[in-house]
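A look at the structure
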Amino acid sequence: MNQIKFVVAGALALLGVLVIGGYYADPAPKATEEKSASAGGTLRIGVDGTEPAYYKIDGVTKGFDYEMALGVAEGMGAKPEFVVMDFSDLFTALETGDIDMIGAQVTETAERKQDFDFSAPYFVTYLSFLTPEDSTIKTRDDVNGKNIAIVEGTIQERYLEEQYEGVNIIKVKDEDSAVKAIQSGEADAFFYDAPYTAPIINRAPIPLKEAIVYPADDAPIGFVMQKGDERKEQVDGVLEQMILDGDWLKIKKEYFKEYPLSEVFKDKGA
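Residues numbered from 1 in each chain as written. Predicted model: local features only at pLDDT ≥ 70, side-chain atom pairs only at ≥ 80, totals over all residues. Heavy atoms only, no water.

1. Looking at the environment of Ile 212
Heads up, the rule is: Numbering goes from the N terminus for both helices and strands, where a helix is a DSSP run of H or I of at least four residues and a strand is a run of E of at least two. Whether two residues are in contact is decided by their heavy atoms, any of which lying within 4.5 Å being enough.
Along the chain, Ile 212 falls in strand E11 (residues 208-221). Setting aside anything within four residues of it in sequence, one finds Ile 212 in contact with Leu 127, Ser 128, Phe 129, Ile 137, Lys 138, Thr 139, Arg 140 and Val 143.

Structure representation (structure tokens):
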């Protein structure tokens, strides 16, 4: 994940610093780094095969994370190789060197950064409240005082505690259990990652709607690499260029047109 190429008198480099900010302030890669990351090399990208991040329709690969990772590999001059596995196996595969990078909507956290390097953000976490169709929950203020289901271990628990008042948090093991909690009346809503709610709504035994969607600007999503991987600079540089060129926004609109644009990317010129 590298730095943007310098242009006459360093003007564009200065613009990149002003527009992109601290995430892209790394220096340009050394020649040895260029060789290790590109020069016909392969970039093995771990994905979890979940729509809309990475999936196939009629044999055609699609997905927001797929297209972003593909753009990064092409920008590095590397050959992309996508490795599909369960999300829970991705970090182990990265540690053992079976993959070079994770591209699976991974939220950057302080805990994860202790063990891995994150690229500059290519998305942010979007949060969603799923409710019954006749629910009175229509705005974020309506969530206060309600019974809200979350999948245990997700960041939604922290957000509920920090941003809402008097919420009764109901921890469940998975998405279907959360829907059952709504169906039984135990929960008023299910708080989850917005990109993954469509399949939940489609298979739910009761009519559900996505009542609220909003970006969590303090929860960036980036590609994950091993600590000290020199290719991070190249990835950062390619991501910067994709944002400045408008490629990022085009991909975002293809998969998340209805999502409001995060301030994180407005600040970067998107």
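2. Some words on helix H10 (residues 247-256)
For the record, the criterion: Each residue is placed in one exposure class: buried if its accessible area under a 1.4 Å probe, protein chains only, is under 20% of its type's maximum, exposed if it is over 50%, and partly exposed if it falls in between. The directions from the helix axis to the C-beta atoms are what the arc is built from.
Those residues of H10 lying buried are Trp 248, Ile 251, Lys 252, Tyr 255 and Phe 256. Down the axis of H10, the buried set is contained in an arc of 100°. They therefore lie on one face. Buried residues along H10 sit in contact with strand E2 (55-57), strand E3 (60-62), helix H3 (64-76), strand E7 (123-132), helix H9 (231-245) and helix H11 (263-266).

3. Concerning the nonpolar core
The tendency in soluble globular proteins is for nonpolar side chains to be buried side by side. Basically, it comes down to this: Only buried residues count toward a nonpolar core. Its members are Ala, Val, Leu, Ile, Met, Phe, Trp, Tyr and Cys residues joined through side-chain atoms within 4.5 Å.
Phe 64, Met 68, Phe 123 and Phe 223 are the most contacted members of the largest nonpolar core, which totals 35 residues. At the level of secondary structure, the elements contributing two or more residues to this core comprise strand E1 (42-47), H3, E7, H9, H10 and H11. Take this core: its biggest share by element is seven residues, from H3. Excluding anything up to four places from it in sequence, Phe 123 contacts Phe 64, Gln 105, Pro 195, Pro 220, Ile 221, Trp 248, Lys 252, Phe 256, Tyr 259 and Phe 265. Formed by 18 residues, the second largest nonpolar core is a distinct cluster that contains Leu 130, Val 172, Ala 181 and Ile 200.

4. Here we look at the sheet that holds E11
Rules: Here the rule is simple: two strands pair whenever DSSP picks up at least two bridges between them. Axis lines are fitted to C-alpha atoms, over the contacting stretch for helices. Their N-to-C directions set the angle, which ranges from 0 to 180 degrees.
With mixed pairing, five strands are arranged side by side in an open sheet as E9-E8-E10-E7-E11. With partners counted over all chains shown, the strands left at the sheet margins are strand E9 (168-172) and E11, one partner each. Across the sheet, the mean angle separating the axes of adjacent strands is 25° when strand polarity is ignored. As paired elements, E7 and strand E10 (residues 189-193) share four bridges and run antiparallel to each other. From the neighbouring strand, Leu 130 faces E10, where its bridge partner is Phe 190. The strands touched by helix H7 (residues 175-184) are E7, strand E8 (147-151), E9, E10 and E11; relative to E10, the strand with the most contacts, the crossing angle is about 160°.

Shape descriptors only; they carry no functional weight alone.
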